[in-house]
Amino acid sequence: CSSSSSASSSSSTSSLSVSTENRFQTFESMDSLFKGATSLEAKLDIIMATLVESRDENRKHQEEIKQLISKVNSLEHENKVIKKELRAVKESANRYELSARCLSVRILGLQVSQEEASSVNTSDRNKIAVKNVFNRFLKPIFNAAKTKGLISSVPQINTAIAEGFRLNSNSKDRSGNPYPPPLLIKLTDMSYRKAIFICKRDALAPLAADGAIPIIVEDLTTATLNKMKELRNDDRVDKVWSTEGLIRYTLASDKEKVRKFPGAFTPLSEAIK
């Protein structure tokens, strides 16, 4: 009997482990709930009615939750579709911009000559830079292209180049010295552009002994350049370059296989797995 009394006491203590303040609030709430009900049956009816009301309210909330989940899923799907369509639009715009640059090349590392630097007029400085790059570098390339049969004759400067100008640039080397501003050259014919990229390495190699030779690259969009930079910073990637505005790369694990990158706005996780 003593043992039973002790267990009962322990159970009571466990069930009443709420604060006195909370217990009094509960009693007060119950008194308010049972107000006007004198019999046990009346109080049970009130309790049952309260439980039914709580059940109905719970079902209502569950239905609302289901509707919200369905709405969230629908919005997530819509968001994915919009992102996919937006990427397609951005890729299309990037390709269009690249096609508009199909006759342009950039000359990097072309030192500013004394004649160019001393000229006051911007237009004159650009003309001097274009003439300099044509006579020293492009003409030997065109000679090599003619020898290979890529072009029928070596063009004159006004025949090959529609316009050319220096681009604004704040790029600096590791010592903080500014690089020469890039020179943008717009050619008159696609055959001249193709000849430049096919013959530039062999044609310019003999000139390296006379000093630094410029780097001739495609005139790419910012989006394409940013994606190429992202690829170069990835440890899985070995080499990155572009051909006709399209990104090419090889992997460190397979340096022989040349891969095409889908687009400038494609995440690396989709292309490299």
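Rules used in this analysis
Residues numbered from 1 in each chain as written. Predicted model: local features only at pLDDT ≥ 70, side-chain atom pairs only at ≥ 80, totals over all residues. Heavy atoms only, no water. Helix = DSSP H or I, 4+ residues; strand = E, 2+ residues; numbered from the N terminus. Expected span 1.5 Å × (residues − 1). Bend = angle between axes of the 7 residues up to and from the residue. Buried < 20%, exposed > 50% of the residue type's maximum accessible area, 1.4 Å probe, protein only. Phe/Tyr/Trp six-rings, centres within 6.5 Å; stacked < 30°, edge-to-face > 60°. Pairing = 2+ DSSP bridges. Axes fitted to C-alpha atoms, helices over the stretch in contact; angles between N-to-C directions. Contact = heavy atoms within 4.5 Å. Polar contact = N/O pair within 3.5 Å; in protein donor to acceptor, adjacent residues only side chain to side chain. Patch = residues over 30% accessible without salt bridge, like charges linked within 9 Å, V, L, I, M, F, W, Y side chains within 5 Å. Areas by Shrake-Rupley, 256 points an atom, 1.4 Å probe, with all protein chains shown as cover. Salt bridge = Lys/Arg side-chain N within 4 Å of Asp/Glu carboxyl O. Lys, Arg positive; Asp, Glu negative; His and termini not counted. Charge placed at Lys NZ, Arg CZ, Asp CG, Glu CD. Core = buried A, V, L, I, M, F, W, Y, C linked by side-chain atoms within 4.5 Å.

What is the right way to look at helix H5 (residues 122–147) in this model?
Here H5 spans 36 Å end to end across 26 residues, near enough to the 38 Å set by a 1.5 Å rise per residue. Within H5, the axis deviates most sharply at Phe134, by approximately 45°. All buried positions along H5 are accounted for by Asn126, Ile128, Ala129, Val130, Asn132, Val133, Phe134, Phe137, Leu138, Ile141, Phe142 and Ala145. Remark: Gly149 follows H5 within two positions and exhibits a positive phi of approximately 80°.

Would you take a moment to explain the packing of aromatic side chains for this structure?
What characterises a pair of aromatic rings is the spacing of the ring centres plus the angle enclosed by the ring planes. Applying the stated criterion across every chain yields a total of three aromatic pairs. Ring centres 5.9 Å apart and planes at 65° place the aromatic pair Tyr249 and Phe261 in the edge-to-face group. On the criterion of sequence distance, the pair formed by Tyr249 in strand S6 (residues 246–251) and Phe261 in the loop between strand S7 (254–260) and helix H9 (268–271) is long-range, its members being 12 residues apart. Accessibility expressed as a relative area gives 2% for Tyr249, which makes it buried. Taken together, Phe134, Phe142 and Tyr192 form an aromatic cluster joined through their ring pairs.

Would you take a moment to explain the sheet that holds strand S1 (residues 104–108) for this structure?
By way of backbone hydrogen bonds, the strands of a sheet pair with one another, either parallel or antiparallel. The strand order across the open sheet formed by four strands is S2-S3-S1-S4, and the pairing between neighbours is antiparallel. Both outer strands of the open sheet, strand S2 (161–166) and strand S4 (215–218), are each paired with one neighbouring strand and no more. For this sheet, the mean angle separating the axes of adjacent strands, direction not counted, is 25°. The sheet contact formed by S2 and strand S3 (residues 183–187) spans five bridges and is antiparallel. Paired with Ile161 across the bridge in S3 is Leu187. On top of the sheet, H5 reaches S1, S2, S3 and S4; it is set at about 120° to S2, its chief contact. Helix H7 (residues 190–204) contacts S1, S3 and S4 of the sheet and is inclined by roughly 150° relative to S4.

Which parts of the structure should I look at to understand the side chain of Arg101?
Secondary-structure assignment places Arg101 in the loop between helix H3 (40–100) and S1. Classification of Arg101 by relative accessible area gives buried; the value is 19%. Reaching out from Arg101, the side chain makes a polar contact with the side chain of Asp219 at a distance of 3.3 Å. Leaving out residues up to four positions away in the same chain, Arg101 has contacts with Arg106, Asp219, Leu220 and Thr221.

Even after reading the chapter, I still don't get H7, so can you show me in this structure?
One turn of an α-helix holds 3.6 residues; hence residues three or four places apart share an orientation. In this model, H7 (15 residues) spans 20 Å end to end at C-alpha, consistent with the 21 Å of a helix rising 1.5 Å per residue. Looking only at H7, the buried set comprises Tyr192, Arg193, Ala195, Ile196, Cys199, Ala203 and Leu204. On its buried side, H7 packs onto S1, H5, helix H6 (157–160), S3 and S4.

Explain a negative patch on the surface here, please?
A cluster of acidic residues, Glu53, Glu57, Glu63 and Glu64, forms a negative patch on the protein surface. Note on placement: Glu63 falls in helix H3. The class for Glu63 is partly exposed, based on a relative accessible area of 40%.

What's the story with the sheet that holds S7 in this structure? I'm lost.
Strand order in the open sheet made by the three strands is S5-S6-S7, with antiparallel pairing throughout. Looking at the sheet topology across the chains shown, the edges are occupied by strand S5 (237–243) and S7. Each strand of the sheet is rotated relative to its neighbour by a mean of 20°, with strand direction disregarded.

I keep staring at the nonpolar core and nothing clicks. Help me out?
Across soluble globular proteins, nonpolar side chains have a tendency to be buried as a group. Of all hydrophobic cores here, the largest spans 25 residues; its most connected members are Leu138 and Ile185. Mapped by element, the contributors of at least two residues to this core are S1, H5, S3 and H7. Beyond its immediate stretch of four places on either side in the chain, Leu138 contacts Val133, Ile161, Ile196 and Ile216.

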